[in-house]
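Residue-level structural notes
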Amino acid sequence: MIGRREFGLAGVSALAAAAAPRLASAQQRDAPHHGHAGAMMTCAMACNDCQRECDACAEHCAALLAEGHKSHLATLKSCQDCAEFCAAAARIAARQGPFAA
């Protein structure tokens, strides 16, 4: 079973891996017109994608938990926490808050 710390690191790593190509492509595409704002919106969309994936994972774990697989409780909680972090990151990036960079 994957531990909470490992799951969190995997989630953050997956988010960074998913966002990196999008950010690079957005920076190249939007550089003349939108620059930093375009890259931040691309990051916000990647974070939102991550949140939806974590919510789907939590739903899957909840179904397994309902079937009696008690070992999925910790993973369910990790998925919920990951979804919250990703949702917050999406909001911060979208509004280009002071912690967005």
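So, here's what we can say about the structure. Here, residues in each chain are numbered from 1, in the same order as that chain's written sequence. pLDDT decides what is reported in this predicted model: residues at 70 or higher carry local features, side-chain atom pairs at 80 or more are listed and counted, and totals for whole chains, interfaces and linings draw on all residues regardless. As a convention, hydrogens and water are excluded, and side-chain values are obtained from all of the structure's heavy atoms.

**A closer look at helix α3 (residues 72–94)**
Helical segments are the DSSP runs of H or I of at least four residues, strand segments are the runs of E of at least two, and each set is numbered from the N terminus. What a helix is expected to span follows from its residue count: subtract one and scale by 1.5 Å. Between the first and last C-alpha of α3 there are 32 Å, a value that for 23 residues agrees with the 33 Å anticipated at 1.5 Å per step. By the burial criterion, the buried members of α3 are T75, L76, S78, C79, C82, A83, C86, A87, A90 and A93. Relative accessibility decides the category of a residue: with a 1.4 Å probe and only protein chains considered, values under 20% of the type maximum give buried, values over 50% give exposed, and everything between is partly exposed.

**Overview of the nonpolar core**
Counting residues in hydrophobic clusters, the biggest one holds 7 residues: M40, C43, A44, C47, A90, A93 and A100. Elements with a minimum of two residues in this core: α2 (36–66) and α3. Among the elements that take part in this core, α2 stands out by supplying 4 residues, more than any other. Excluding its chain neighbours within four sequence positions, the residues that come into contact with A90 are A44, C47 and N48. By nonpolar core is meant a set of buried Ala, Val, Leu, Ile, Met, Phe, Trp, Tyr and Cys residues that side-chain atoms within 4.5 Å join together. Counting 5 residues, the second largest nonpolar core, distinct from the first, contains C50, C54, C82 and A83. The contact rule is simple, with two residues in contact once any of their heavy atoms fall within 4.5 Å.

**A look at the environment of R95**
Within the secondary structure, R95 sits in the segment after α3. Remark: the alpha-carbon pair of R95 and A44, spanning 51 residues in sequence, is separated by 9.0 Å.

**Observations regarding unusual backbone geometry**
Both trends apply: most residues other than glycine have a negative phi, and most peptide bonds are in trans. Positive phi values are uncommon outside glycine, yet Q96 reaches one of about 55°. When you line up the elements, Q96 lands in the segment after α3. With a relative accessible area of 38%, Q96 lands in the partly exposed category.

**Topic: the environment of L73**
Assignment of secondary structure puts L73 in helix α3. C-alpha of L73 to C-alpha of A58: the two residues are 15 residues apart in sequence and 9.4 Å apart in space.

**Section: the packing of α2 against α3**
The contact between α2 and α3 brings their axes to 7 Å, and the two run at 160°. Taken together, the axis directions place α2 and α3 in an arrangement best described as roughly antiparallel. You can see that α2 and α3 cross each other, and the crossing is left-handed. Tallied by class, residues from the contact of α2 with α3 come to 24 nonpolar, 5 polar and 1 charged. Note on geometry: axes are lines fitted to C-alpha atoms, helical ones only across the stretch in contact, with angles between N-to-C directions running from 0 to 180 degrees. Here roughly perpendicular refers to angles of 65 to 115 degrees, roughly parallel to angles under 35, roughly antiparallel to angles over 145, and oblique to all remaining angles. Here is the rule for handedness: rotate from the far helix to the near one, and if that takes an anticlockwise turn smaller than a right angle the crossing is left-handed, while a clockwise turn gives right-handed. Polarity classes work like this: nonpolar for Ala, Val, Leu, Ile, Met, Phe, Trp, Tyr, Cys and Pro, charged for Asp, Glu, Lys and Arg, and polar for all others, with Gly in that last group.

**Description of the pattern of salt bridges**
Within this document, salt bridges are pairs made up of a side-chain nitrogen of Lys or Arg and a carboxyl oxygen of Asp or Glu, the two lying within 4 Å of each other. Tallied over the entire structure, the rule returns 1 salt bridge. We note a salt bridge from D49 to R52, for which the minimum N-O separation is 2.5 Å. Taken together, the residues D49 and R52, both in helix α2 and 3 residues apart, mark about one turn of the helix.

**Regarding the environment of A37**
Within the secondary structure, A37 is located in helix α2. On the accessibility criterion, A37 (28% relative accessible area) is partly exposed. Separated by 56 residues in the primary sequence, A37 and A93 have C-alpha atoms spaced 9.0 Å apart.

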